[in-house]
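These are the residues of each chain, in order.
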Amino acid sequence: MNVAAAGMAPGGGVPVISVKNVTVRFGGIVALDGVEFDIHDGEILGLIGPNGAGKTTLFNCLSRLYTPNEGDVQLHGKTILDQPAHRIAGMGIGRTFQNVASFSNLSVRDNIRVGAHSASKSDPVSDALRLPWVRKGGEAIDANVNELIGWLELEDVADLPVAGLPFGTQKRVELARALATDPKLLLLDEPAGGLNHDEVHELGSLIRKVRDERGVTVLLVEHHMALVMSVSDRVVVMNFGRKIAEGTPEEVQKNPEVVAAYLGGGDA
C-alpha cells in the first residue's frame, strides 16, 4: 500500500525529489533563498505562499527552465541540473502550466500524443525510416493515449480540436498530456485557476486518483487553500523566497508565521 495514501509518514529511502539549499537571483533580487525540502514516493505535497513568494521560480528550477545560482535539485538521489529542459520528461517529471498551454488547433487525441512522444526514444531519422522498433513504439503510444482518454473521460471530445472546448475540459487535456509522459513526479501549477466550485471539487478527487491509481507523486502549487488542505499529505509554505513552514495541513494552518504571511503580507 502507498504509505502516503494510507496517511502514514513516508518511510526511509531516497526521496523522489530533494530540493537542497536552492537559491536563485535575478540581478539584485533574491527570488529563492536557500529553499530545502523533500518529496517522498506516493506523496501529494502542497506548495503555497502569497504572490511573489517564489513558487513559480521553484517550479521552473524543477522543470529545468531555470538553473539555480546555488544548491541542487535531485531526482532519486541524482542531480537534474546537468540535464537540459527537453530531457526532463524522459527522466520522469511531468508538468502542467498555470495558463493552459495546449495546441489549440490539434485534436484532444493529438495533444495527448504530443506528451507521449516527448518521453519516447524515437528520433527523426528512425521515424522517417519507419524502423520496426519505431512502429512498435508508435503502437504503444496509441494504446497509452487511448487508455488516458478513457481514464479521464474524454471519449466524447477525443477527435475534436481543443479550441472551443470548455475550460475545465481543456485542463483535463493538459493533465492527460502530462500523464502521457509516464511521470514519476507530476508538477501541477495552479490547476484550479479558472475553475468553478464544482470543478475544483472534481479536481481534488482527480488529483488523489492520479496518486492512488497511477502511483504518481504530486507537487501541487495552488492558491486555492481549501483544495490544497484537502488533498495534501504535507504542505510547504514560502514567503519572499524563503521556506517559512513545513508540515501537515493542520500544523501549517496553526503556524503563526504562516498566518502573518497571509493576513499581513497581502498580495505583494
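Scoring rules and cut-offs
- Residues numbered from 1 in each chain as written.
- Predicted model: local features only at pLDDT ≥ 70, side-chain atom pairs only at ≥ 80, totals over all residues.
- Heavy atoms only, no water.
- Buried < 20%, exposed > 50% of the residue type's maximum accessible area, 1.4 Å probe, protein only.
- Helix = DSSP H or I, 4+ residues; strand = E, 2+ residues; numbered from the N terminus.
- Pairing = 2+ DSSP bridges.
- Right-handed = clockwise from strand over helix to strand, strands pointing away.
- Axes fitted to C-alpha atoms, helices over the stretch in contact; angles between N-to-C directions.
- Contact = heavy atoms within 4.5 Å.

A.B. asks: Before we go on, may I ask you to explain the pairing of strand β7 (residues 185–189) in this structure?
C.D. replies: If a strand is regular, its side chains alternate between the two faces of the sheet. Across the five residues that make up β7, a large majority, five, are buried. The side-chain alternation of β7 yields two buried faces, one formed by Leu-185, Leu-187 and Asp-189 and the other by Leu-186 and Leu-188. One ladder, built from three bridges, connects strand β6 (residues 93–95) with β7; its direction is parallel. Residue Arg-95 lies in a different strand from β7, and its bridge partner there is Leu-187. A crossover connection joins β7 to the parallel strand β8 (residues 217–221) through helix α7 (residues 197–214); in handedness this β-α-β unit is right-handed.

A.B. asks: Would you explain the sheet that holds β7 in this entry?
C.D. replies: Sheet strands pair by backbone hydrogen bonding; their relative direction is either parallel or antiparallel. Taken together, the six strands give an open sheet; going across it, the order is β6-β7-β8-β3-β9-β10, and neighbouring strands pair in mixed fashion. Two strands bound the open sheet, and with one partner strand each, they are β6 and β10 (242–247). When the angles between neighbouring strand axes are averaged without regard to direction, this sheet yields 20 degrees. Relative to β10, strand β9 (residues 234–239) runs antiparallel, the two sharing five bridges. Opposite Val-237, over in β10, you have Ala-245 as the bridge partner. Strands β3 (44–48), β6, β7, β8 and β9 of the sheet are contacted by helix α1 (residues 55–62), whose axis makes an angle of about 150 degrees with β7.

A.B. asks: Which parts of the structure should I look at to understand the pairing of β8?
C.D. replies: The element β8 is extensively covered by neighbouring structure, given that five of its five residues are classed as buried. The two faces of β8 match: Thr-217, Leu-219 and Val-221 on one face and Val-218 and Leu-220 on the other face are all buried. In terms of strand pairing, β3 meets β8 through four bridges, oriented parallel. Residue Leu-45 lies in a different strand from β8, and its bridge partner there is Leu-219. Pairing of β7 with β8, which is carried by five bridges, proceeds in the parallel orientation. Bridged to Asp-189 within β8 is Val-221.

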